[in-house]
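The primary structure of each chain is shown beneath.
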Amino acid sequence: MTTGGHEVDKKVLEYETFITEVLKRDLQKVLEQRDEVYEKIAQYLQLKNVIESLQESESKELTTDVDLGCNFYVQAKVEDSSRIFVSIGYGFLVEFTLPEALKFIEKKTKQLTEQTETLTKDSSKIKGNIRMVLEGLRELQNLRDLPVDRRREVF
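Residues numbered from 1 in each chain as written. Predicted model: local features only at pLDDT ≥ 70, side-chain atom pairs only at ≥ 80, totals over all residues. Heavy atoms only, no water.

- Under the annotation held in an unreviewed UniProt entry, the chain carries the name Protein UXT and is attributed to Acipenser ruthenus.
- Listed under Sequence similarities (unreviewed entry) in UniProt, the entry text for the chain is "Belongs to the UXT family." (UniProt positions renumbered as here; feature names shortened; annotations may be inferred.)

Next comes the structure, spelled out in structure tokens:
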């Protein structure tokens, strides 16, 4: 093997390591963060549905199951459901009237949706960087490009 071939192999190994240890790990983190935000959005939308059904029923009393942890539920009776506590993050709860809670949920879901859009753009940039490094590897190894019909997604 020539010294030039050895240098190319060394560079290829460096790029492959960079893809595996940096880019793919970063992509995984961004996608996990986005999934967590989607889960929060789903929880707020579920709360919105509950609030709307409370408003439609026009009943102040409510009987519900409360999760005490570890999927252990007890039945609870709420005598006045016109005010609720909503988790706003960092362990803080705020007491809202039902209309106030709906306004808060609307603003919060809009903010969280914007956050998911940012995370989606970040993941697209990382995927683009992975593709660019893979193209660089292909050029370093003097490989010809695969026909479009034989290509597959690498992410």
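### Things to note about a negative patch on the surface
(1) Moving on: Together, Glu-32, Asp-35, Glu-36 and Glu-39 line one region of the surface with negative charge.
(2) Moving on: Its relative accessible area of 51% is what places Glu-39 among the exposed residues. (Patch = residues over 30% accessible without salt bridge, like charges linked within 9 Å, V, L, I, M, F, W, Y side chains within 5 Å. Areas by Shrake-Rupley, 256 points an atom, 1.4 Å probe, with all protein chains shown as cover. Salt bridge = Lys/Arg side-chain N within 4 Å of Asp/Glu carboxyl O. Lys, Arg positive; Asp, Glu negative; His and termini not counted. Charge placed at Lys NZ, Arg CZ, Asp CG, Glu CD. Buried < 20%, exposed > 50% of the residue type's maximum accessible area, 1.4 Å probe, protein only.)

### Remarks on the pairing of strand β2 (residues 73-78)
(1) Moving on: Pairing of strand β1 (residues 62-67) with β2, which is carried by six bridges, proceeds in the antiparallel orientation. Pairing of Thr-63 across the sheet is with Lys-77, part of β2. (Pairing = 2+ DSSP bridges. Helix = DSSP H or I, 4+ residues; strand = E, 2+ residues; numbered from the N terminus.)

### Quick word on unusual backbone geometry
(1) Moving on: With a phi angle near 55°, Cys-70 is a residue other than glycine that sits in the positive phi range.
(2) Moving on: Accessibility expressed as a relative area gives 84% for Cys-70, which makes it exposed.
(3) Moving on: Backbone geometry at Asn-71 places phi at a positive 55°, although glycine is not the residue there.
(4) Moving on: Relative to the helices and strands, Asn-71 is located in the loop between β1 and β2.
(5) Moving on: Of the residues examined, Asn-71 reaches a relative accessible area of 62% and is grouped as exposed.

### Quick word on the side chain of Arg-34
(1) Moving on: Note on placement: Arg-34 falls in helix α1 (residues 3-57).
(2) Moving on: Of the side chains bearing the opposite charge, Asp-35 lies closest to the buried Arg-34, which forms no salt bridge; the N-O distance is 4.5 Å.
(3) Moving on: One polar contact links Arg-34 to Thr-120, side chain to side chain, over a distance of 3.3 Å.
(4) Moving on: Excluding anything up to four places from it in sequence, Arg-34 contacts Thr-116, Leu-119, Thr-120 and Ser-123. (Polar contact = N/O pair within 3.5 Å; in protein donor to acceptor, adjacent residues only side chain to side chain. Contact = heavy atoms within 4.5 Å.)

### Examining the environment of Ser-81
(1) Moving on: One can find Ser-81 in the loop between β2 and β3 (83-89).
(2) Moving on: Accessibility expressed as a relative area gives 6% for Ser-81, which makes it buried.
(3) Moving on: In this structure, the C-alpha to C-alpha distance between Ser-81 and Gln-55, residues 26 residues apart in sequence, is 9.4 Å.
(4) Moving on: Contacts of Ser-81, omitting those with residues within four sequence positions, involve Leu-54, Ser-59, Lys-60, Leu-62 and Leu-98.

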